[in-house]
Structures are given as structure tokens and as C-alpha cells.
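Residues per chain, in single letters:
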Amino acid sequence: AERTRDEVELPPPAIDNRLTVHPLWPEIDRISTEQIQAAFEEVGGENGWQLFAEEGDMRMYRREVEVDGMVMDPLKAMHKVRGVSAREMCHYFFNPRYRYEWETTLETMTIVEQVSADALVFHQTFKRIWPASQRDALFWSHVRASRGNTYAVTNHSTSNPDYPPNAGACIRLFVTVCLACRSSWPAGEQPSRDNITTSIAYCSTVNPGGWAPAGVLRAVYKREYPKFLKRFTSYVVDQCRGKPLAI
Ligand code: 18C
């Protein structure tokens, strides 16, 4: 039963019609297209990307960017995972059913709007980091297939009158995140758990939304991003074990 339920909810191979008639569609389409394209561009040291974490096939780069004294360093991570597909990776990243199992920064998650099979709006609160105020975020999330065995999830901050910023104890932060995944397998073979490799590009820019000490913030993301990517990829590998490969 578990298997059938999962297959039904896998990211759809084409855009859901309900999304294309939603008021957010033009923004969702534009930002997702930009993010997916940028995700696979090489980092090359010349644009100021510095490597800050490396482990096995995982590499993480950041650019130091401060706006009015607030840290907004863009992050870009590359990884390779064997035995799971791009579609499976994006399924577990997009579907809220699994989020508490791999997302360790989360305090609460609410689905604000179910737009379509491939788009949701979330409100999330995060664990508080002393001495800063607690943060929350309101963002749309969209999963789509692209050419070349690629699936990607893009998350981007939005607004909603029912969830006004900075109303309670939380300061609203702003995110743009893209998890782009591309699968490959040897030419002439059928893809299987034994021969598939998925390249992952994860890009993230977080605007903390209000004062946060730069040193603490950079220390937090140096620790949290590698932890996230390692934990999430091994979570997906574990979940897929023994299940038929979904391409
Ligand atoms: O992409 C990820 N997750 C998605 C699903 O949840 C989604 C989430 C995006 C929000 C990212 C912002 C998270 C801020 C968390 C702040 C509190 C961290 C507490 C940790 C302590 C245990 O796209 C995976 C996201 C992986 C997040 C890595 C951490 C990034 C930290 C960025 C700095 C946050 C600045 C605000 C806090 C100020 C503290 C001094």
C-alpha cells in the first residue's frame, strides 16, 4: 500500500494545469526557470565562489555578501548520489509528509495553500539560535521535470495576508532555494538502482530579515548546510531501498 501511495504522488512529469491558472504562476515559472538554469552552471573560482566544505562527492561553495551589515551569502552545493533518481530526490524534498524526518532546523510547518500536485505554499518556523530572535518563512514550493532526466524543486518567499511578517515573536526571513537533480546511466542500458547516478546542485540564499550577528550566522550555516545535504541524501537512499526505481 505504501508503495502505491508513493507512486501516485511522485512529482508529475508535466506541469499541472491548476498551477498555470493560479495568480502565482508567472512568478513561479520565471523564478523556477532562472534557478534551474543557474543551478547547473559551473562555479569556477573567478566569480568569487569559495569552497568551504568538502566530503566525498559533496562540495559546498559560498560567496560572502553583506547588505547593510546583514549576511546574505549565497550558497551553492554539488553532490552525487548513486542508486536513486532525480525524480525520487525531488519527491522527498517537495512532499511535506517526509519533511520532519530530514529537516532538522524545523520547529513547525503549516501548508498554507495546496495549489496543485506540483505547487504548495508553506509557513515554517525554525529553531531559535541564541542570541538572535526566532525566524519564520512563508514560501511557495514548486517541483518540475526538465529535459535531460532532470527534476528540480524551487522554493521562494511570498506573502499572504493571513500570515503577516513580524507579527508575533518571529522575524520573517526570505529564502530562494533550488534543489536541481539530473540522473544518468550507461548508454544502451536500462536505468536501475545498480547503474543510476544523480548529480545534485543545491543553491540557497537566505536573507535573515533583521539583525543577526554575522559571526554566529556564518558559523551556523557552515555547520547546517553540510549536515542538511548529507542527511537528506542518505535519507532518500534509505527510503528508496527495496522500492522499484521511479524515473
Ligand atoms: O532547503 C532546505 N529546506 C527546505 C524545507 O524546509 C526549505 C527551507 C528553507 C529555509 C532555510 C532557512 C533556514 C533558517 C534556519 C534558521 C535556524 C537554524 C537552526 C539550526 C539550529 C539547530 O527550502 C534545507 C535548509 C537547510 C538550512 C541550513 C541552515 C541555513 C542557515 C541560514 C541562516 C539563517 C539566518 C537566520 C537565523 C539567524 C541566526 C543568527
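Look up a bit, the structure's there.
Described below are features of the structure shown in this document.

Basis of the calculations
- Residues numbered from 1 in each chain as written.
- Predicted model: local features only at pLDDT ≥ 70, side-chain atom pairs only at ≥ 80, totals over all residues.
- Heavy atoms only, no water.
- Helix = DSSP H or I, 4+ residues; strand = E, 2+ residues; numbered from the N terminus.
- Buried < 20%, exposed > 50% of the residue type's maximum accessible area, 1.4 Å probe, protein only.
- Phe/Tyr/Trp six-rings, centres within 6.5 Å; stacked < 30°, edge-to-face > 60°.
- Lys NZ or Arg CZ within 6 Å of the ring centre and 35° of its normal.
- Expected span 1.5 Å × (residues − 1).
- Arc of directions from axis to C-beta.
- Contact = heavy atoms within 4.5 Å.
- Near = heavy atom within 4 Å.
- Polar contact = N/O pair within 3.5 Å; in protein donor to acceptor, adjacent residues only side chain to side chain.
- Nonpolar A, V, L, I, M, F, W, Y, C, P; charged D, E, K, R; others polar.
- Pairing = 2+ DSSP bridges.

This paragraph deals with unusual backbone geometry. A cis amide bond links Trp130 with the next residue in sequence, Pro131, at an omega value of 5°. Residue position: Pro131 is located in the loop between strand S7 (119-126) and strand S8 (135-146). A positive phi angle is found at Asp68, which is not glycine, with a value near 50°. With respect to the element layout, Asp68 can be found in the loop between strand S3 (66-67) and strand S4 (70-71). For Asp68, a relative accessible area of 78% translates into the label exposed.

Here we come to the packing of aromatic side chains. Evaluation of the coordinates by the stated rule reveals 14 aromatic pairs. Relative to Tyr221, the ring of Phe52 lies with its centre 6.2 Å away and its plane at 70°, an arrangement referred to as edge-to-face. With Phe52 in strand S1 (residues 50-55) and Tyr221 in helix H6 (residues 214-240), the pair connects residues that are 169 residues apart, well separated along the chain. Aromatic pair Phe93 and Trp102: ring centres 5.3 Å apart, planes at 20°, arrangement stacked. By the ring-pair criterion, three or more aromatic residues cluster together here, those being Phe52, Phe93, Trp102, Tyr202, Tyr221, Tyr225, Phe228 and Phe232. The ring of Trp49 has Arg63 sitting right over it, with the charged end atom 4.9 Å from the ring centre.

This next bit is on helix H3 (residues 25-39). Across its 15 residues, H3 extends 21 Å between first and last C-alpha, which sits within 8% of the 21 Å expected from 1.5 Å per residue. Those residues of H3 lying buried are Trp25, Ile28, Ile31, Ser32, Gln35, Ile36 and Ala39. End-on view of H3: buried residues confined to an arc of 140°, all on one side of the axis. Opposite its buried face, H3 presents the exposed residues Pro26 and Gln37, each directed more than 90 degrees away. For H3, the secondary structure elements touched by its buried residues are helix H2 (17-20), strand S5 (75-82), S8, strand S9 (150-157), strand S11 (174-184) and strand S12 (197-207).

Time to look at the site of the ligand. Looking at the ligand, there are 24 residues lining it, with Glu103, Gln124, Lys127, Asn155 and Tyr202 nearest. Interatomic distance of 2.8 Å between a side-chain N/O atom of Asn155 and an oxygen atom of the ligand. Within the residue set of the shell around the ligand, elements represented by two or more residues are helix H5 (99-102), S7, S11 and H6. A per-element tally of the shell around the ligand places H6 first, with 7 residues. Its residues placed into classes, the shell around the ligand shows 15 nonpolar, 3 polar and 6 charged.

Now for the pairing of S11. For S11, a buried count of 8 out of 11 residues is recorded, marking the element as mostly surrounded by other parts of the structure. Relative to S11, S9 runs antiparallel, the two sharing 7 bridges. Residue pairing in the sheet places Thr154 in a bridge with Cys178 of S11. Bridging between S11 and S12 involves 11 bridges; their strand directions are antiparallel. Within the sheet, the bridge partner assigned to Val175 lies in S12 and is Val206.

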